[in-house]
Amino acid sequence: MNVIVCIKQVPDTTEIKLNPETGTMIRDGVPSIMNPDDKAGLEIALELKDKYGANVTVITMGPAQADKILREALAMGADRAILLTDRKFAGADTLATSNALAGTLRTLDFDLIIAGRQAIDGDTAQVGPQIAEHLGLPQVTYVEDLEYIESKTFRIKKSTEDGYQIIEVDTPCLITVLSSANTPRYMSVGGIVNAFRKEIEIWGADKIDVDELKLGLKGSPTRVFKSFTKGAKAAGQIYDVDASKAVDIIIEKLKEKFII
Amino acid sequence: MNFSLTREQELFLQMIKEFAEKEVKPLAAEIDEDERFPEETVRKMAKLGIMGIPFPTEYGGAGGDNILYSMAIEEISRFCATTGVIVSAHTSLCIAPIYEQGTEEQKRKYMPKLCSGEWLGAFGLTEPNAGTDASAQQTTAIPDGDEYVLNGSKIFITNAAYAQVYIVMAMTDKSLGTKGISAFIVERDTPGFTIGKKEKKLGIRGSATCELIFENCRIPKENLLGKLGGGFGVAMKTLDGGRIGIASQALGIAQGAMDETVKYVKERKQFGKAIAQFQNTQFQLADLETKIEASRLLVRVAAYKKDEKIPYTVDAARAKLFAAETAMEVTNKAIQFHGGYGYTREYPVERMLRDAKITEIYEGTSEVQRMVISANLLK
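A brief report on the enclosed structure follows. (Residues numbered from 1 in each chain as written. Chains lettered and ligands numbered in written order. Predicted model: local features only at pLDDT ≥ 70, side-chain atom pairs only at ≥ 80, totals over all residues. Heavy atoms only, no water.)

As for a nonpolar patch on the surface
Then, number 1: Among the surface-exposed residues, A:Val247, A:Ile251, A:Ile259 and A:Ile260 lie close enough to one another that they form a single nonpolar patch of about 370 Å² accessible area.
Then, number 2: Its relative accessible area of 59% is what places A:Ile260 among the exposed residues. (Patch = residues over 30% accessible without salt bridge, like charges linked within 9 Å, V, L, I, M, F, W, Y side chains within 5 Å. Areas by Shrake-Rupley, 256 points an atom, 1.4 Å probe, with all protein chains shown as cover. Salt bridge = Lys/Arg side-chain N within 4 Å of Asp/Glu carboxyl O. Buried < 20%, exposed > 50% of the residue type's maximum accessible area, 1.4 Å probe, protein only.)

Concerning the interface of chain B and chain A
Then, number 1: Between chain B and chain A, the residue contacts involve 18 residues of the former and 14 residues of the latter.
Then, number 2: Summed over both partners, the interface of chain B with chain A comes to about 1500 Å²; 65% of that surface belongs to carbon and sulfur atoms.
Then, number 3: When the area that chain B buries against chain A is broken down by residue, the three leading residues are B:Arg7, B:Leu11 and B:Leu48, summing to 39%.
Then, number 4: Here chain B is connected to chain A by one salt bridge.
Then, number 5: The partner of A:Asp67 in a salt bridge is B:Arg7, with the nearest N and O atoms 2.8 Å apart.
Then, number 6: Joining chain B to chain A, the criterion identifies four residue pairs in polar contact (both at pLDDT 80 or more).
Then, number 7: No other element matches helix α1 (residues 7-34) of chain B, which puts ten residues into the side of chain B that touches chain A.
Then, number 8: Tallied by class, the residues present in the side of chain B that touches chain A amount to nine nonpolar, four polar and five charged. (Contact = heavy atoms within 4.5 Å. Buried area = accessible area lost by both parts, 1.4 Å probe. Polar contact = N/O pair within 3.5 Å; in protein donor to acceptor, adjacent residues only side chain to side chain. Helix = DSSP H or I, 4+ residues; strand = E, 2+ residues; numbered from the N terminus. Nonpolar A, V, L, I, M, F, W, Y, C, P; charged D, E, K, R; others polar.)

A word on unusual backbone geometry
All names here are of chain A.
Then, number 1: A cis amide bond, omega -5°, links Thr171 with the succeeding residue Pro172.
Then, number 2: A positive phi angle, near 60°, is found at Ala125, a position not held by glycine.
Then, number 3: With respect to the helices, strands and loops of the structure, Ala125 is situated in the loop between β6 (112-116) and α4 (127-135).
Then, number 4: Residue classification places Ala125 among the partly exposed positions, given a relative accessible area of 22%.
Then, number 5: Even without a glycine there, the phi angle at Lys152 is positive, about 80°.
Then, number 6: Inspection of the secondary structure assignment puts Lys152 in the loop between β7 (139-150) and β8 (153-160).
Then, number 7: You can call Lys152 partly exposed: its relative accessible area is 45%.

Observations concerning the packing of aromatic side chains
Then, number 1: Considering all chains together, one arrives at twelve aromatic pairs over all chains under this definition.
Then, number 2: A connected cluster of aromatic rings, assembled from ring pairs, spans A:Tyr52, A:Tyr148 and A:Phe154.
Then, number 3: Just above the ring of B:Tyr148 sits the side chain of B:Lys221; from NZ or CZ to the centre is 5.6 Å.
Then, number 4: The ring of B:Phe278 carries the charged tip of B:Lys273 above its face, separated from the ring centre by 4.9 Å. (Phe/Tyr/Trp six-rings, centres within 6.5 Å; stacked < 30°, edge-to-face > 60°. Lys NZ or Arg CZ within 6 Å of the ring centre and 35° of its normal.)

A closer look at the side chain of B:Thr326
Residue and element names in this part refer to chain B.
Then, number 1: Turning to its location among the elements, Thr326 is positioned in helix α8 (residues 313-343).
Then, number 2: Exposure remark for Thr326: the relative accessible area of 3% places this residue in the buried category.
Then, number 3: Within the structure, Thr326 has its side chain in polar contact with the backbone oxygen of Phe322 (distance 2.7 Å).
Then, number 4: Apart from residues no more than four positions distant in its own chain, Thr326 is found in contact with Ala254, Lys291, Ile292 and Ser295.

Some remarks on the pairing of strand β1 (residues 121-124) of chain B
All names here are of chain B.
Then, number 1: Residues Gly121 and Phe123 point to one face of β1 and Ala122 and Gly124 to the other, with burial holding for every one of them.
Then, number 2: Alignment of β1 against strand β4 (residues 165-171), held across four bridges, turns out to be parallel. Residue pairing for β4: Gly121 is matched across the bridge by Val165. (Pairing = 2+ DSSP bridges.)

Quick notes on the environment of B:Lys198
Residues and elements named next belong to chain B.
Then, number 1: Assignment of secondary structure puts Lys198 in strand β6 (residues 193-198).
Then, number 2: On the basis of relative accessible area, Lys198 is assigned to the partly exposed category, the value being 40%.
Then, number 3: Setting aside residues no more than four positions away along its own chain, Lys198 makes contact with Glu35, Ala208, Thr209 and Cys210.
Then, number 4: Separated by 2.9 Å, the side chain of Lys198 and the backbone oxygen of Glu35 make a polar contact.

Some thoughts on helix α4 (residues 81-101) of chain B
Turn by turn, an α-helix covers 3.6 residues, leaving residues three or four places apart pointing in a common direction.
Residues and elements named next belong to chain B.
Then, number 1: Counted at 1.5 Å a residue, the expected span for α4 with its 21 residues is 30 Å, and the 28 Å between its end C-alpha atoms agrees.
Then, number 2: At Ile95, α4 shows its largest bend, some 35°, and a proline, Pro97, comes one to four positions later.
Then, number 3: Buried residues dominate α4, accounting for 19 of its 21 residues. (Expected span 1.5 Å × (residues − 1). Bend = angle between axes of the 7 residues up to and from the residue.)

So, the state of the cysteines
Residues and elements named next belong to chain B.
Then, number 1: Summed over all chains, the structure comprises zero disulfides over all chains.
Then, number 2: Looking at the unpaired Cys80, the closest cysteine sulfur is the one in Cys210, lying at 17 Å.
Then, number 3: Judged by relative accessible area, Cys80 falls into the buried class, the value being 2%.
Then, number 4: Sulfur of Cys115: no disulfide; nearest cysteine sulfur belongs to Cys94 and is 9.8 Å away.
Then, number 5: Its relative accessible area of 2% is what places Cys115 among the buried residues. (Disulfide = S-S within 2.5 Å.)

Here you go:
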């Protein structure tokens, strides 16, 4: 079984500062981590490795420094790591990113592609589903748990707003995973030592199977109109009352603000 | 000369800091209070390769080095010195002498299970009448056929109650003095070997420190470690390495007390302002911080030299002396900064002071370190 996990390096903070002129994030001085949903996805892949001997490949697209999370993934137990880095990828929105990743995946063998649900820096939850669409694969999003039930089939627990769905899906397929799915393992000491003895494969745009016009800024239809830090809201009020009283209070407040 | 961390060291620190914060810190107060050996933490460390960091993979080790090992002991001891010394005694005092001075058969037999943490290791040198004067060994090992027969007792043995393998020093020929001491590998279930009373200690209260008792305990001859009569050398060389572990432990305790103090002085208000705003606080913290960083550099130099196979006896002595005395000073002042709260068990600094004291005593007292350093200076 070949499992490929798409991971992203993200700034480790909830207080991301933005450059007011460009509207982009200021990454300097902010520690970078493996995106939590992606890390949970990697854990699922590594559990498949433990149980069924799956071969686990991790891929990230980003600057050269993003190899740090690939080393971390290798130290946790991944077998192979690919860093997609090229000036031609720069300025990519989710569509151009998913095109680059899909172009890479086209050149690799896989039974299962795992992505995190969304990255904590962008929160779009678009890249995983877009990859599945580019590759024409069945996809299951918001995965909490996964079980390999027979040759080529997974039984998946998918989280929904009001509960769970249990879905069976045949391989090859793509899933997006929630960070609540598991507690990712620690890197092992031996894994860390070995991670620096393995080579991280560096791939540029020439190595992947995609039209270059679909990459980077050229391939990105999204334009950021404005980025801003959310203003602080006044503290809310909490009423500890029964439901009928709560309804009265809500109606009264809505009337006060001329909403109804 | 390069003082930057390598990328491997950075990644290792990321792992060990997270592990210490999530797995070691939550148990620290409880295992101290209950004098309980943290078996569950040892199992978790074993799974991650922390019980065999500086040994080659061919013997089951993690393939790391003494710098990583030193960093691990430091980060673990920042929260729990008990857990730190369990790893240190196991690694430096039991696996290291087998690796450095054992035969190929001994390494193959013992190292994989010790490095994987399936077995825990201990070391027996100290006796009721042989402490700093380790040459005054009274435990004897008399050859008899294919065996040695051990009689005597060892005291204050870290990990004793949970270990499966012990490095034990005994007199094979009293007439030769220190040259009559030999080292042996003793397995837990050997008939005639029992674990005696558990000590009630001031600090590192979870570490299961006990007596080892040998009554006509028969050890196969192939369990002689090093040469016959070479045991004193085995012990001294082992303690040189052990001092890197204990210096790292002391450094961790000091850093842990500093972290607690920095947090506290920013929060605690007296006379209308945070006590961090008083210059007395600032100047004292600056002095302590400088000593902690100096300890760290001394420890790293000793570990580096051990890795590079450069003689490091004096470096390890300096590191242990300075880090241990720094740990005592920092923890003592940490309590002073915390005032009355610091004297209670609501805050961890009183435990840190109790834990720090042993670092000036075991694996060579501070006086012994001064002897080692000055002997080298005045030779």
